[in-house]
Amino acid sequence: MKRKQQSLTSVLPSLWSILRHFWPYIRKQWSLLLVAAVATFVEIGARLLEPWPLKYIFDRVLVEELLVGANGEHRYHWLMLSALAIAVVAITGLRAISGYASRVAMALAATKIMTRVRGDLYSHLQRLSLTFH
């Protein structure tokens, strides 16, 4: 059996009708969805920043320490290496916290939306006549 693939133009009208139907429920959770969006952008920014301290460690600190040898600038390099290690840990921590906040906010919003949809559906079913059932 061959399946027909639906084109994007044939799927979009049905997606818009679904969004239009659920928009009142989604709109009531805008604050949680905004928190989730901001946390997602912070997580993306932290992911983009993660390699920066490592690049600086490899390009500047380790290479220069090998070139300098025993001149006495080791203290500066160890201080810089420590600061960059702390930066890696801080950026990773920020990414983890923002990822957690994004997931929790999205889960809370989805749970609240679906609870209201289920409640409205149940109320609607209760109002229908017995002959309908």
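**Some words on the overall build of the chain**
A count of helical and extended segments in the chain gives 4 helices and 0 strands. Tracing the chain from N to C terminus, the helices and strands come up as α-α-α-α. Evaluated residue by residue, the chain yields a buried proportion of 15% over its 133 residues. In the chain, of all internal contacts separated by at least 6 residues, the share reaching a separation of at least 24 is 80%. Approximately 10900 Å² of the chain is accessible, and the part contributed by carbon and sulfur atoms is 69%.

**Remarks on the packing of aromatic side chains**
This structure, assessed with the given rule, holds 2 aromatic pairs. Consider the rings of Phe22 and Tyr25, whose centres lie 6.3 Å apart with planes at 50°: the pair is tilted. Here Tyr25 and Phe22 lie together in helix H1 (residues 8-27), a separation of 3 residues that amounts to about one turn. Overall, Tyr25 belongs to the buried group, its relative accessible area being 15%.

**Here's the deal with the side chain of Glu43**
Relative to the elements of secondary structure, Glu43 occurs in helix H2 (residues 30-49). Look past the residues within four positions of Glu43 in its chain and what remains in contact with it is Arg95, Ser98, Gly99 and Arg103.

**Looking at the confidence of the model for the chain**
On average, residues of the chain carry a pLDDT of 85, and 83% of them reach 70 or more. Element-level mean pLDDT values for the chain span from 74 in helix H3 (residues 51-68) up to 96 in H2.

**Concerning the pattern of salt bridges**
A side chain with one charge can pair with a side chain of the opposite charge if their charged atoms come near. Enumeration over the complete set of coordinates arrives at 4 salt bridges. Across the pair Arg103 and Glu43 runs a salt bridge whose closest N-O atoms are separated by 4.0 Å. On the criterion of sequence distance, the pair formed by Arg103 in helix H4 (residues 74-127) and Glu43 in helix H2 is long-range, its members being 60 residues apart. For Arg103, a relative accessible area of 53% corresponds to the exposed category. Where Lys55 meets Asp59, a salt bridge forms, and the shortest distance between an N and an O atom there is 2.8 Å. Of this pair, Lys55 and Asp59 both sit in helix H3, 4 residues apart, roughly one helical turn.

**Details of the environment of Met106**
Note on placement: Met106 falls in helix H4. For the pair Met106 and Leu32, spaced 74 residues apart in sequence, the C-alpha separation works out to 6.9 Å. Among residues more than four places away in sequence, those in contact with Met106 are Leu33 and Ala36.

**Some words on H2**
For H2, with 20 residues, the first-to-last C-alpha span of 28 Å sits near the 28 Å given by 1.5 Å per residue. Inspection of H2 places Leu32, Ala36, Ala39, Glu43 and Ala46 among the buried residues, and these make up the whole buried set. Looking down the long axis of H2, one finds its buried residues gathered within 85° of arc, a one-sided arrangement. Facing away from the buried side of H2, by more than 90 degrees, are the exposed residues Trp30, Phe41 and Leu48.

**What to know about the side chain of Gln29**
Inspection of the secondary structure assignment puts Gln29 in the loop between H1 and H2. The contact partners of Gln29, leaving out residues within four places of it in the chain, are Ala109, Lys112 and Ile113.

The rules behind each value
Residues numbered from 1 in each chain as written. Predicted model: local features only at pLDDT ≥ 70, side-chain atom pairs only at ≥ 80, totals over all residues. Heavy atoms only, no water. Helix = DSSP H or I, 4+ residues; strand = E, 2+ residues; numbered from the N terminus. Buried < 20%, exposed > 50% of the residue type's maximum accessible area, 1.4 Å probe, protein only. Contact = heavy atoms within 4.5 Å. Areas by Shrake-Rupley, 256 points an atom, 1.4 Å probe, with all protein chains shown as cover. Phe/Tyr/Trp six-rings, centres within 6.5 Å; stacked < 30°, edge-to-face > 60°. pLDDT = per-residue confidence, 0-100. Salt bridge = Lys/Arg side-chain N within 4 Å of Asp/Glu carboxyl O. Expected span 1.5 Å × (residues − 1). Arc of directions from axis to C-beta.

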